[in-house]
Amino acid sequence: MRVLICEDSVLLREGLVRLLEDAGHEVVAALADAEGLGAAVDASAPELCVLDVRLPPTWTDEGVRAAVALRAERPGLPVLVLSQYVEERYAGELFGGQGGALGYLLKDRVVDVADFLDALDRIRGGATVLDPEVVAQLLARRARDERLAALTDRERTVLALIAEGRSNQAIAALLVLSEASVEKNITAIFTKLGLERDEHGNRRVLAALVHLSHHASTDRALPDQTLTPQAGRRPAPPQAGAPR
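A quick note: this is a predicted structure, and the numbers were derived from the prediction, not measured.

Caption draft 1: Summary view of the overall build of the chain. For the chain, the count of helices and strands is 11 helices and six strands. Put simply, the chain shows about 11600 Å² of open surface, and 51% of that area lies on carbon and sulfur atoms.

Laid out in structure tokens, this is it:
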């Protein structure tokens, strides 16, 4: 797989290069910031882009804004947002507009190399892969959404697993349920969230992210809503100057 990396930390950037190359992938570009990202994508034709959320010069949301721009200009380009933080303001726009081939993983929670490489393959193959903690935090923050409030606890659990990219068979195994029971829960989720059948099968993605797309237009007008990093994480550097 041809991979482009955009990460400001030289240690993490070079570590990712080594990890991917050792796994047999080709790193076609390794950038320290988003300046010139579009040109690098055009020149190197990556099959997957890995971007940090917070990049120079402000270390706020340059990376996720770059991811949004990439997807707008190149629909379907597989993108993984890899970060220490959950950035809500642009997540709705990133995930709400296009279904599939997207991922959002938290650096501190990537503890298994094989799982990380598997996530890259799944994203390249068109899946949506979200860290379970990201799913939990976003669902909690949007609990006021009436559609989500209508879900039972079991349906919320199934919804979180759908957002992680789990198949019906995997969900059934994790929850010790029959596949028929999982399908029944998913059908109820689609109904309660008002998601109609579509020919592209995007309802699984939209079901997990409807709360984000619903609020995406208002998030931009609000102060920074980035979730507080957990203790021990590196602070941001100061500014320089399935049913269908």
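Having seen the structure, we can now continue with the description.
Caption draft 2: Just the pairing of strand S5 (residues 102–106), in detail. The buried count for S5 comes to five of five residues, which makes it a mostly enclosed element. Burial along S5 is two-sided: the face carrying Leu102, Tyr104 and Leu106 and the face carrying Gly103 and Leu105 are both buried. Bridge count between strand S4 (residues 79–83) and S5: five bridges; the pairing is parallel. Within S5, the position partnered with Leu82 by the bridge is Leu105. Two elements, S5 and strand S6 (residues 128–130), share three bridges in a ladder whose sense is parallel. Counted as the bridge partner of Gly103 is Val129 from S6. Handedness of the crossover joining S5 and S6 through helix H5 (residues 113–124): left-handed.

Caption draft 3: Unusual backbone geometry, seen in detail. For the peptide bond that leads from Pro56 to Pro57, omega is 10 degrees, which places it in the cis range. Tracing the backbone through its elements, the reader meets Pro57 in the loop between strand S3 (48–51) and helix H3 (62–73). Even without a glycine there, the phi angle at Trp59 is positive, about 55 degrees. With respect to the helices, strands and loops of the structure, Trp59 is situated in the loop between S3 and H3. The backbone phi angle of Val176 is positive, close to 55 degrees, even though this residue is not glycine. Relative to the helices and strands, Val176 resides in the loop between helix H9 (168–175) and helix H10 (179–192).

Rules and cut-offs
Residues numbered from 1 in each chain as written. Predicted model: local features only at pLDDT ≥ 70, side-chain atom pairs only at ≥ 80, totals over all residues. Heavy atoms only, no water. Helix = DSSP H or I, 4+ residues; strand = E, 2+ residues; numbered from the N terminus. Areas by Shrake-Rupley, 256 points an atom, 1.4 Å probe, with all protein chains shown as cover. Buried < 20%, exposed > 50% of the residue type's maximum accessible area, 1.4 Å probe, protein only. Pairing = 2+ DSSP bridges. Right-handed = clockwise from strand over helix to strand, strands pointing away.

That is the geometry; function is a separate question.
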